[in-house]
Amino acid sequence: FANIHDISRRGSRLAPVSNWMSKVPGSKLVAHHLLGVHKERSLTEFVRPSFPDWFHKREPLSEGRHGDVVLFHDTFMDYDAPQIGVAATELLDLAGYAVALSDNVCCGRPMISKGYIDEAKEQARANVVRLHPQVAGGAFIVGCEPSCLLTLREEYPKMLAGSDLAEKAREVADRCVLLDEFLAGENRGEELEFASEGPEVLFHGHCQQKAEADAALSLELLRRAGYDAEMVRAPCCGMAGAFGFEREHYEASRKAFQRALGPAIETHPDAQLVV
């Protein structure tokens, strides 16, 4: 899990063979006993082409008259759920911004979560060196995955304090915003036209988003987009990165889910769940 970026990149290149291998009879038992992934958990499927492949072939939807933004593309956006990156790019396009793709390696959050702090610092250094030129002209780095984006904003200045990159790390952090923060700030999304009415939505805020940002901004944008959106008053969903996949934490993960999020979903069977 600490090396999820490299594993996902290779899995995407080998798709659909890599996905077939994970479905071979007995593969879940192998993962359970040898890799520590509980047999009741299903890993996400790898996608090819990747999101960066799509991005470099796309045609912008606007002239970018409001300036430049840099989209921070995370591992899951790239190799598991490229539709998230496509939607974010098109949303920023239609809001009048010229979208560039961030020049980054893995944010380092998976390494931090597994205790590989030195390796995470090297990833932080690499990203600061790469991203600083992209924000030097005043562009914002916009991200969709709170764990990743907030690592740049909250962790990098601390991890690189006292180093030769300390000032650049702070400057990069100061330009990092989540997608909802960006569109809700200074009326940046005012040109977007939404449907007048949408389906019922249950919104579950990400734990780091609730701790280090403002999940209410996501709820605000969902309502502006016409959705009948309600915030789920729930603590952790139980997954917490790799935690919910791991064999020894499976039961604790299930209990965390059933504290509030599970019952909320059961009482709103027709609602879409947004996280």
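Heads up: the structure comes first, above all this text.
Every chain is numbered on its own, with residues counted from 1 as its sequence reads. A pLDDT threshold of at least 70 governs which residues receive local features in this predicted model, and a stricter bar of 80 or more applies before side-chain atom pairs are shown or counted, although totals over entire chains, interfaces and linings include all residues. Side-chain numbers come from the whole structure's heavy atoms, not from hydrogens or water.

A. Inspection of the overall build of the chain at higher detail. The numbering of helices and of strands both runs from the N terminus, where a helix is a DSSP run of H or I of at least 4 residues and a strand a run of E of at least 2. For the chain, the count of helices and strands is 15 helices and seven strands. Here the globule rule is a power law, 2.2 Å times the number of residues to the power 0.38, and the radius of gyration is based on C-alpha atoms. Here the C-alpha radius of gyration of the chain, 19 Å, is about what a compact globule of 275 residues would show, namely 19 Å. Expressed as lengths along the three principal axes of its C-alpha atoms, the size of the chain is roughly 55 × 50 × 35 Å. Scored against the burial criterion, the 275 residues of the chain give a buried share of 47%. Within the chain, residue pairs in contact and separated by at least 24 positions form 77% of the contacts whose partners lie at least 6 positions apart. For the chain, the computed accessible surface area is about 14700 Å², with 53% contributed by carbon and sulfur atoms. Three labels apply to residues, based on accessible area from a 1.4 Å probe with only protein chains included: buried if under 20% of the type maximum, exposed if over 50%, partly exposed otherwise in between. Should any heavy atoms of two residues lie within 4.5 Å, those residues are counted as being in contact. We get accessible surface area from the Shrake-Rupley algorithm with a probe of 1.4 Å; when it comes to residues, only the shown protein chains can shield them.

B. Main features of the nonpolar core. The term nonpolar core refers to a set of buried residues drawn from Ala, Val, Leu, Ile, Met, Phe, Trp, Tyr and Cys, joined through side-chain atoms within 4.5 Å. Phe72, Val128, Ile141, Leu152, Tyr156 and Val172 are the most contacted members of the largest nonpolar core, which totals 24 residues. Mapped onto this core, the elements with two or more residues apiece are β1 (68-72), α8 (117-135), α9 (146-159), α10 (166-174) and β4 (176-178). Those residues in contact with isoleucine 141, other than ones at most four positions away along the chain, are Val70, Phe72, Leu131, Val135, Leu149, Val172, Arg175, Cys176 and Val177.

C. Up close: a nonpolar patch on the surface. A cluster of nonpolar side chains, Val17, Trp20, Met21 and Val24, forms an exposed patch at the surface whose accessible area comes to about 420 Å². Residue classification places valine 24 among the partly exposed residues on the basis of a relative accessible area of 31%. To count toward a patch, a residue needs a relative accessible area above 30% and no salt bridge. Like charges then connect within 9 Å, nonpolar side chains (Val, Leu, Ile, Met, Phe, Trp, Tyr) within 5 Å. For this analysis, a salt bridge means a side-chain nitrogen from Lys or Arg found within 4 Å of a carboxyl oxygen belonging to Asp or Glu.

D. A look at the sheet that holds strand β6 (residues 228-231). One requirement defines pairing of two strands: DSSP has to find at least two bridges between them. The sheet built from three strands is open, its strands ordered β6-β5-β7 with parallel pairing. Looking at strand neighbours, the two that pair on one side only are β6 and β7 (272-274), the edges of this open sheet. Taken pair by pair, the neighbouring strands of this sheet meet at an average axis angle of 30°, ignoring direction. With respect to the sheet, helix α13 (residues 216-224) is in contact with β5 (200-203), β6 and β7, its orientation differing from that of β6 by roughly 165°. Axis geometry follows a simple rule: fit a line to the C-alpha atoms, using only the stretch in contact for helices, then measure angles between N-to-C directions, giving values from 0 to 180 degrees.

E. Structural context of the pairing of strand β2 (residues 98-101). Only one face of β2 is covered, namely the one carrying Val99 and Leu101; the face carrying Ala98 and Ala100 has none of its residues buried. Here β1 runs beside β2; their pairing, made up of four bridges, is parallel. Across the sheet, residue aspartate 68 finds its bridge partner in β2, namely alanine 98.

F. Main features of the pattern of salt bridges. Using the criterion set out here, one finds eight salt bridges in the structure. Arginine 130 serves as the salt-bridge partner of aspartate 103, at 3.1 Å between the closest nitrogen and oxygen. With a gap of 27 residues between them, aspartate 103 in the loop between β2 and α7 (109-113) and arginine 130 in helix α8 connect regions that are remote in the sequence. With a shortest N-O distance of 3.0 Å, aspartate 164 and arginine 125 are connected by a salt bridge. Of this pair, aspartate 164 sits in the loop between α9 and α10 while arginine 125 sits in helix α8, placing them 39 residues apart in sequence.

G. Just helix α1 (residues 4-14), in detail. Looking at α1, one finds that the buried residues are Ile4, His5, Ser8, Gly11 and Ser12. An end-on view of α1 places all buried positions within 130° of arc, on one side of the element. Set apart from the buried face of α1 by more than 90 degrees, the exposed residues are Arg10, Arg13 and Leu14. Buried positions along α1 lie against α2 (17-21), α5 (75-79) and α7. The arc in question is the one traced by the directions running from the helix axis out to the C-beta atoms.

H. Spotlight on the pairing of strand β3 (residues 140-143). On β3, burial covers both faces: Phe140 and Val142 on one face and Ile141 and Gly143 on the other are all buried. Bridge count for β1 against β3 is four bridges, and the pairing is parallel. Pairing of phenylalanine 72 across the sheet is with glycine 143, part of β3. Sheet topology places β3 next to β4; three bridges connect them, and they run parallel. Pairing of isoleucine 141 across the sheet is with cysteine 176, part of β4.

I. Highlighting the sheet that holds β2. With parallel pairing, four strands are arranged side by side in an open sheet as β2-β1-β3-β4. Only two strands of the sheet have a single neighbouring strand rather than two, namely β2 and β4. When strand polarity is set aside, the average angle formed by the axes of neighbouring strands in this sheet is 35°. Of the strands in this sheet, β1, β2 and β3 are in contact with helix α6 (residues 82-94), which crosses β1 at around 170°.

J. Region of interest: α9. The terminal C-alpha atoms of α9 lie 18 Å apart, and with 14 residues this matches the ideal 20 Å at 1.5 Å per residue to within 8%. Largest kink in α9: about 40°, centred on leucine 152. Counting buried positions over the 14 residues of α9 gives ten, a clear majority of the element. Listing the buried residues of α9 in full gives Pro146, Ser147, Cys148, Leu149, Leu150, Thr151, Leu152, Arg153, Tyr156 and Met159. A helix is expected to span 1.5 Å multiplied by its residue count minus one. The reported bend at a residue is simply the angle between two axes, fitted to the 7 residues ending at it and to the 7 residues beginning with it.

Interpretation note: all reported values are geometric properties and have no functional meaning in isolation.
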